[in-house]
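Overview (structure and organization)
Letter by letter, the chains look like this.
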Amino acid sequence: MASSPPDPGQTSARPSDASPLRARRRWIVALSLVLAPFVLIGGVLAALALMLGTESGSRRLIETLIARQNGAVAIEGLRGSIWEGIQVDRLLWSDERFNLDAQRVSLKVHWSSLLQARLVVPSFSVDTMKLRLPVSDKPWQMPQSLVLPLGWEVQSLKLRQLALQRGDEPAQIGRAHV
């Protein structure tokens, strides 16, 4: 017996092959949308680990920050990483308010303390620091406040030699509380 062609108004009882493909595509798209933020966050964390945890990444980050200062800051002999601790042979900082020349600077920070809105510096040392201030009639005074947006603690601060100058003359400090 000859079969007649299917009536266009009749639906087939057999499911189409496109339906499982559509469902699979929907799952892939949904899974991609769920996983994409995690992949993005993972990439950002990996980049931060590379920048902060390696000497070359730390050097690149510090050089980028220094370049934004338009020559006001210069560093010679940078070693270490921001995460583990850095050492600098020489730090130069020129500003209209002062000129700073620091030799053999070492800084270590406990970055995890930022989670408690504190900055803990277990060690900060400078072998020699020369601070030249502009000529003025008033004696130089320490700032009234060093208010920061978070608490901070320096556990060990070492400064072997400090030379203060006002112009070419040795500077006198009006008040200092340490």
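Relevant structure appears above.
Scope of this entry: the structure provided in the associated data block. (Residues numbered from 1 in each chain as written. Predicted model: local features only at pLDDT ≥ 70, side-chain atom pairs only at ≥ 80, totals over all residues. Heavy atoms only, no water.)

1. Some details on the overall build of the chain
What counts is decided by this rule: Note on conventions: DSSP H or I runs of at least 4 residues are helices, E runs of at least 2 residues are strands, and numbering of each starts at the N terminus. Only protein chains enter the accessibility calculation, which uses a 1.4 Å probe. A residue is then buried if its area is under 20% of the maximum for its type, exposed if over 50%, and partly exposed in between. Contact between two residues is taken to exist if any of their heavy atoms lie within 4.5 Å; hydrogens are not considered. Methods summary: accessible areas were calculated by the Shrake-Rupley approach with a probe of 1.4 Å, and residue burial reflects only the protein chains presented.
Each helix and strand in the chain was counted, giving two helices and seven strands. Secondary structure elements of the chain occur, N-terminal to C-terminal, as α-α-β-β-β-β-β-β-β. When each of the 178 residues of the chain is scored for burial, the buried share is 18%. Long-range contacts, defined here as pairs at least 24 residues apart, represent 51% of the contacts in the chain between residues at least 6 apart. Total accessible area on the chain stands at roughly 14000 Å², and carbon and sulfur atoms take up 61% of it.

2. Overview of the environment of valine 109
With respect to the helices, strands and loops of the structure, valine 109 is situated in strand β3 (residues 99-110). By relative accessible area, valine 109 is classed as buried at 8%. Sequence-distant contacts of valine 109, that is, excluding residues within four places in its chain, are made with Trp83, Leu119, Val120, Val121 and Pro122.

3. Concerning the nonpolar core
Under the convention used in this document: Here the nonpolar core consists of buried residues drawn from Ala, Val, Leu, Ile, Met, Phe, Trp, Tyr and Cys, with membership extended through side-chain atoms lying within 4.5 Å.
Ile62, Ile66, Ala72, Val73, Leu78, Ile82, Ile86, Val88, Ala102, Val105 and Val126 form the largest nonpolar core, which has 11 residues in total. Elements that contribute at least two residues to this core include exactly α2 (55-67), β1 (73-81), β2 (85-94) and β3. With sequence-adjacent residues up to four places away left out, leucine 78 is seen in contact with Glu55, Arg59, Ile62, Ile86, Gln87 and Val88. Ranked by size, the runner-up nonpolar core spans five residues in total, among them Phe98, Leu100, Leu131 and Leu164.

These values are about where atoms sit, not about what they do.
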